[in-house]
Amino acid sequence: QKEVEQNSGPLSVPEGAIASLNCTYSDRVSQSFFWYRQYSGKSPELIMSIYSNGDKEDGRFTAQLNKASQYVSLLIRDSQPSDSATYLCARYEGYALNFGKGTSLLVTP
Amino acid sequence: DGGITQSPKYLFRKEGQNVTLSCEQNLNHDAMYWYRQDPGQGLRLIYYSQIVNDFQKGDIAEGYSVSREKKESFPLTVTSAQKNPTAFYLCASSMVQGGEKLFFGSGTQLSVL
């Protein structure tokens, strides 16, 4: 199975800082990538999608995709305590999403 | 409001018992999915269906069964053959075109008594 790898963390950043979350994948065919946020005991919610090389910005979030190096990242600017959650990276495999194990982010006041 | 409804929120299974998790959507989505999540783990695909009366096994289908008799409904049965069923189960749906954007239900936590 093609893998989606994430550092489980926890990643701890102070309030107002930039949080950087990374994800690598194991093949060069993948075209579509997604970042989901999941609070404890809740279902994942989509926060960003990215399909082409480069950066995509949406408010405080920036997704970055580098297909040659096979990684995708998520930057969260001006991190808030409410951003504390698990962030799941996912890759579309033509019929369903394949998820990484997630990175736990803790934003400290 | 359009959305995906999973029930029950919590479910307990006795040894040797089959249990069924409900998933209903009114988003008019063609595709539906079941994922399993264990603590500290990502989501693993159990089954998916892209059209009524058709479904496919995912990565961890053993010990589970599904049906897709109606577009709106995709129930999951956890059979007695699933020896480690304790997990958080998530149902999702999407359009087949643009199917990468999944919409999730609120989940069912299944535990073994």
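The rules behind each value
- Here the residue index of a chain counts from 1 through its sequence in written order.
- Numbering of ligands from 1 and lettering of chains from A proceed in the order in which they are written.
- Thresholds applied to this predicted model are a pLDDT of at least 70 for local features of residues and 80 or more for the giving and counting of side-chain atom pairs; totals over whole chains, interfaces and linings are not thresholded and use all residues.
- To get the side-chain values, take all heavy atoms of the structure and skip hydrogens and water.
- Counting from the N terminus, the helices are DSSP H or I runs at least four residues long and the strands are E runs at least two residues long.
- Restricting the calculation to C-alpha atoms gives the radius of gyration, and the globule rule supplies 2.2 Å times the number of residues raised to the power 0.38.
- The rule is simple: take the accessible area with a 1.4 Å probe, protein chains only, and divide by the maximum for that residue type; under 20% is buried, over 50% is exposed, in between is partly exposed.
- Note on contacts: a residue pair is in contact if any heavy atoms of the two residues lie within 4.5 Å.
- Put simply, buried Ala, Val, Leu, Ile, Met, Phe, Trp, Tyr and Cys residues joined by side-chain atoms within 4.5 Å make one nonpolar core.
- For two strands to count as paired, DSSP must find a minimum of two bridges between them.
- Structural elements are reduced to axes, namely lines fitted to C-alpha atoms, with helices fitted over the stretch in contact, and the angle between N-to-C directions of any two is expressed from 0 to 180 degrees.
- One side-chain nitrogen of Lys or Arg within 4 Å of one carboxyl oxygen of Asp or Glu is enough to make a salt bridge.

Visitor: What's the story with the overall build of chain A in this structure? I'm lost.
Guide: Each helix and strand in chain A was counted, giving zero helices and 11 strands. Listed by position from the N terminus, the elements making up chain A come as β-β-β-β-β-β-β-β-β-β-β. For chain A, the C-alpha radius of gyration of 13 Å lies close to 13 Å, the compact-globule estimate for 109 residues. Reported as C-alpha extents along the three principal axes, the dimensions of chain A are approximately 40 × 30 × 20 Å. Among the 109 residues that make up chain A, the fraction classed as buried is 47%. Taking all contacts inside chain A whose residues are at least 6 apart in sequence as the whole, residues at least 24 apart take part in 53%.

Visitor: Can you walk me through the nonpolar core in this structure?
Guide: Where a protein is soluble and globular, its nonpolar side chains tend to be buried together. Within the largest apolar cluster, 22 residues are counted, with the highest numbers of intra-cluster contacts made by W35, V72, L74, I76, Y87 and L105 of chain A. Of all elements in the fold, only β3 (19–25), β4 (33–38), β5 (45–50), β7 (61–66), β8 (71–76), β9 (85–92) and β11 (103–108) of chain A reach the threshold of two or more residues within this core. The element that contributes the greatest number of residues to this core is β3 of chain A, accounting for four residues. Apart from the residues lying within four places of it in its own chain, the contact partners of L74 of chain A are A19, S20, L21, W35, I47, M48, F61, T62, A63 and Y87 of chain A. Within the second largest apolar cluster, 20 residues are counted, among which are I46, A61, F74 and C91 of chain B.

Visitor: Is there a simple way to explain the sheet that holds strand β6 (residues 54–58) of chain A in this structure?
Guide: Strands pair in a sheet through their backbones, by hydrogen bonds, and they do so in one of two ways: parallel or antiparallel. Residues and elements named next belong to chain A. Taken together, five strands build an open sheet; the order of strands is β1-β3-β8-β7-β6 and the sheet is antiparallel. Pairing within the sheet leaves two strands with one partner each, and these edge strands are β1 (4–6) and β6. Pairwise comparison of adjacent strand axes, ignoring direction, gives a mean angle of 20 degrees for this sheet. Pairing between β3 and β8: six bridges, direction antiparallel. Bridge pairing links C23 to V72 in β8.

Visitor: Where do I start with the sheet that holds strand β7 (residues 64–66) of chain B in this structure?
Guide: Residue and element names in this part refer to chain B. Reading across the sheet, the four strands line up as β1-β3-β8-β7 and stay open at both edges, with antiparallel pairing between neighbours. This sheet does not close on itself; its edge strands, each paired only once, are β1 (4–7) and β7. Averaged over all adjacent pairs, the angle separating strand axes in this sheet is 20 degrees, with direction ignored.

Visitor: Would you mind showing me how to read the pattern of salt bridges here?
Guide: Pairing is possible between side chains of opposite charge, provided their charged atoms come close. Residue and element names in this part refer to chain B. All chains considered together, the criterion is met by seven salt bridges over all chains. Of the charged contacts, one joins D30 and K71 as a salt bridge, the two residues approaching to 3.4 Å between their closest N and O atoms. Of the two residues, D30 is situated in the loop between β3 (19–25) and β4 (31–37) and K71 in the loop between β7 and β8 (76–78); the sequence distance between them amounts to 41 residues. R44 is the partner of D38 in a salt bridge, and the nearest nitrogen-oxygen pair spans 2.7 Å. A relative accessible area of 39% places R44 in the partly exposed class. Through salt bridges with shared partners, a single network forms among R36, D38 and R44.

Visitor: I'm lost on unusual backbone geometry in this one. Help?
Guide: Look at the link from G9 of chain A to P10 of chain A: it is a cis peptide, with omega at 10 degrees. Between S7 of chain B and P8 of chain B the backbone carries a cis peptide bond, its omega angle lying at -5 degrees. Despite not being glycine, D78 of chain A has its phi angle at roughly 50 degrees, a positive value. Within the secondary structure, D78 of chain A is located in the loop between β8 and β9. Unlike most non-glycine residues, N53 of chain B shows phi in positive territory, near 65 degrees.

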